[in-house]
Amino acid sequence: NVGRMPWKPMFDGSWAGWSQRAADGAFEPVAEAPAGWTIVGEDGLVGDNRSGSTAVAFGEPSWRNVEVSARVTPQAGGNAAIMFRIDEGGDGWYTFDLMLGWQVAAIYKLVRNDEGRMQLTKLSTVNYAFSRDREYDIQIAARDHSITTYIDGELVNQLTDDTWSHGRVALSIWHAKTRYRNLRYRVLDEK
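Predicted model only: the values in this text are computed from it and were never measured.

How each quantity is defined
- Residues numbered from 1 in each chain as written.
- Predicted model: local features only at pLDDT ≥ 70, side-chain atom pairs only at ≥ 80, totals over all residues.
- Heavy atoms only, no water.
- Pairing = 2+ DSSP bridges.
- Helix = DSSP H or I, 4+ residues; strand = E, 2+ residues; numbered from the N terminus.
- 1 Å grid on protein atoms, 1.4 Å probe; cavity = no way out; pocket = protein on both sides within 12 Å on 5 of 7 lines; lining within 4 Å.
- Points joined across faces, edges and corners; volume = space filled by probe spheres on them.
- Nonpolar A, V, L, I, M, F, W, Y, C, P; charged D, E, K, R; others polar.
- Contact = heavy atoms within 4.5 Å.
- pLDDT = per-residue confidence, 0-100.
- Core = buried A, V, L, I, M, F, W, Y, C linked by side-chain atoms within 4.5 Å.
- Buried < 20%, exposed > 50% of the residue type's maximum accessible area, 1.4 Å probe, protein only.
- Salt bridge = Lys/Arg side-chain N within 4 Å of Asp/Glu carboxyl O.

(A) Summary view of the pairing of strand 13 (residues 154-160). With six bridges joining them, strand 12 (residues 146-151) and strand 13 adopt antiparallel strand pairing. The residue of strand 13 that forms the bridge with I147 is L159. Between strand 12 and the antiparallel strand that follows it, strand 13, lie two residues; D152 among them carries a positive phi value of about 50 degrees.

Here is the structure:
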């Protein structure tokens, strides 16, 4: 086992360790299922929000070198997304987005601009044939300035960007319904 970093579960049927962004921007612990979220089985969550957006976050603001793994099933709407390296104020982050309408796997970053609106910058887009109600094995590796994604074990996106070097991860729903299960993580900079 020397040199091995085991995966740890992110979700085990309880909301322990999860948070949600409050109206003032601070992350607050989640005690029960937030609006739009349902627990399914022992290791699954379904997010459903067709009129706006909702996200639940996991982890620590100090996380730097993190890998996230999940089984993701888009069920309705146009996107299934995992956010990562969310900055401390929740005003910027990266997103790995399965964009069903465009048939693209994208990594982009969002930053709150001077007017208070979120500005999106696409960093990598790769054509990918997605289907609703099909489960995808997603992995994201965010190590130092490198961001790499895999779908079903195949390399999809690979880039470098140093806008944010640390932060939480989150499951995001925007005008969509998505099932997430077998959520796992490993933090490579833990002692």
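(B) Structural view of the layout of surface pockets. In this structure, the largest pocket occupies an estimated 650 Å³ of space. Contributing to the lining of the largest pocket are 29 residues, with S53, M83, W93, S172 and W174 lying nearest its centre. Those elements giving two or more residues to the lining of the largest pocket turn out to be strand 2 (18-21), strand 5 (44-58), strand 7 (79-86), strand 8 (92-99), strand 9 (104-112), strand 10 (118-127) and strand 14 (168-187). Of the residues that constitute the lining of the largest pocket, the class distribution is 18 nonpolar, eight polar and three charged.

(C) Examining the side chain of D97 more closely. Its place among the elements puts D97 in strand 8. In contact with D97, other than residues within four places in its own chain, are N79, A80, A81, V104, A105, A106 and Y108.

(D) Layout of the pairing of strand 10. By the bridge criterion, nine bridges tie strand 9 to strand 10 in an arrangement that is antiparallel. Residue pairing in the sheet places K109 in a bridge with T121 of strand 10. Between strand 9 and strand 10, which pair antiparallel in sequence order, lie five residues; one of them, G116, sits at a positive phi of approximately 90 degrees.

(E) A look at the environment of S131. As for its placement among the helices and strands, S131 is situated in the loop between strand 10 and strand 11 (136-143). When the C-alpha atoms of S131 and P29 are compared, they prove to be 33 Å apart, with 102 residues separating the residues in sequence. Once you skip the residues sitting within four places of it in the chain, S131 turns out to touch P74, L100 and Y136.

(F) Examining the confidence of the model for the protein more closely. For the protein, per-residue confidence averages 91 on the pLDDT scale, and residues scoring 70 or more make up 97% of the total. Ranking the helices and strands of the protein by mean pLDDT puts strand 12 first, with 98, and strand 5 last, with 87.

(G) Local environment of empty space enclosed by the protein. A complete count under the given rule lists one cavity of 30 Å³ or more for this structure. In this structure, the largest cavity occupies an estimated 50 Å³ of space. Lining the largest cavity are W63, R64, V66, V68, F84, R85, A142, G167 and V169. Contributing elements (two or more residues each) for the lining of the largest cavity: strand 6 (66-77) and strand 7. Broken down by class, the residue content of the lining of the largest cavity amounts to six nonpolar, one polar and two charged.

(H) Here's a closer look at the nonpolar core. W18, F96, L98, I138, I151, L171 and L183 are the most contacted members of the largest nonpolar core, which totals 41 residues. Residue contacts for I138: discarding those within four places in its chain leaves V68, S69, A70, V72, I82, F96, L98, Y150 and I151. If you look at the next biggest cluster of nonpolar residues, it comprises eleven residues, including F27, A57, A106 and Y108.

(I) Summary view of the pattern of salt bridges. Here the structure, examined in full by the defined rule, presents ten salt bridges. The residue R71 makes a salt bridge to D137 at a minimum N-O spacing of 3.7 Å. Pair noted here: R71 is in strand 6 and D137 is in strand 11, with a separation of 66 residues, a long-range link. By relative accessible area, R71 is classed as partly exposed at 28%. In this structure, D152 and R134 form a salt bridge, with 3.0 Å as the shortest nitrogen-oxygen distance. Residue D152 is found in the loop between strand 12 and strand 13, and its partner R134 is found in the loop between strand 10 and strand 11; the two are separated by 18 residues along the sequence. For R134, a relative accessible area of 35% puts it in the partly exposed group. Where salt bridges share partners, they join R71, E135, D137 and R181 into one cluster.

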